[in-house]
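Observations on the three-dimensional arrangement
Here's the letter readout for the chains.
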Amino acid sequence: MQHLVFVYGTLRQGQSNHHYLQQCEYLGRFDTPQSYALFDLVAYPAMILGKKSVVGEVYIINDEVLASLDRLEDVPIEYRREQIETIFGLAWVYLYQLDLTANKEILSGDWCKRDNPL
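Residues numbered from 1 in each chain as written. Predicted model: local features only at pLDDT ≥ 70, side-chain atom pairs only at ≥ 80, totals over all residues. Heavy atoms only, no water.

In the annotation of an unreviewed UniProt entry, the entry for the protein reads Gamma-glutamylcyclotransferase family protein, and the organism field reads Vibrio echinoideorum. The UniProt entry for the protein carries the following comment under Sequence similarities (unreviewed entry): "Belongs to the gamma-glutamylcyclotransferase family." (UniProt positions renumbered as here; feature names shortened; annotations may be inferred.)

What follows is the structure, encoded as structure tokens:
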């Protein structure tokens, strides 16, 4: 079965985990509605509900890739998977579930343009 996935951090092009999506079809960039917030966990970002837009990319993936992304994102412990509406259709997104009080928000909403690059 095919799915859409919206990725906003290390799975994006040029980032450390993009190899998971290397064989998947890239549909394009998408900026979410202003209903989210993005936080810097140093090694990767965390997206939660909020009041800002988050920049990301949408891909077509299969069941096998979806299962590997669930493992990478530690679903259902660290992240939960939900669907959001994109210009390409409904896409899965990984929302962070743990405490973020010690983490800095990425005000631009763009992991690739965060203030403190690795």
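A short note on the sheet that holds strand β4 (residues 45-49)
In space, the 3 strands of this open sheet follow the order β4-β3-β8, with antiparallel pairing throughout. Of all the strands in the sheet, just β4 and β8 (104-105) have a single pairing partner and so form its edges. Here strand β3 (residues 36-40) pairs with β8 via 2 bridges, running antiparallel. Within β8, the residue paired with Asp40 across the bridge is Lys104. (Pairing = 2+ DSSP bridges. Helix = DSSP H or I, 4+ residues; strand = E, 2+ residues; numbered from the N terminus.)

Remarks on the packing of aromatic side chains
Per the counting criterion, the structure on display carries 4 aromatic pairs. With centroids separated by 6.3 Å and ring planes inclined at 35 degrees, the aromatic side chains of Phe6 and Tyr8 adopt a geometry described as tilted. Just as Phe6 is buried, Tyr8 falls in that class too. Plain terms: the ring middles of Phe6 and Phe30 are 5.8 Å apart, the flat faces sit at 90 degrees to each other, and that makes the pair edge-to-face. One end of the pair, Phe6, is in strand β1 (residues 2-7); the other, Phe30, is in strand β2 (residues 25-31), with 24 residues separating them in the sequence. The same class applies to Phe6 and to Phe30, which are both buried. Grouped by ring-pair contacts, the aromatic residues Phe6, Tyr8 and Phe30 constitute a single cluster. Directly above the aromatic system of Trp92 lies the positively charged group of Arg81, at a separation of 4.3 Å from the ring centroid. (Phe/Tyr/Trp six-rings, centres within 6.5 Å; stacked < 30°, edge-to-face > 60°. Buried < 20%, exposed > 50% of the residue type's maximum accessible area, 1.4 Å probe, protein only. Lys NZ or Arg CZ within 6 Å of the ring centre and 35° of its normal.)

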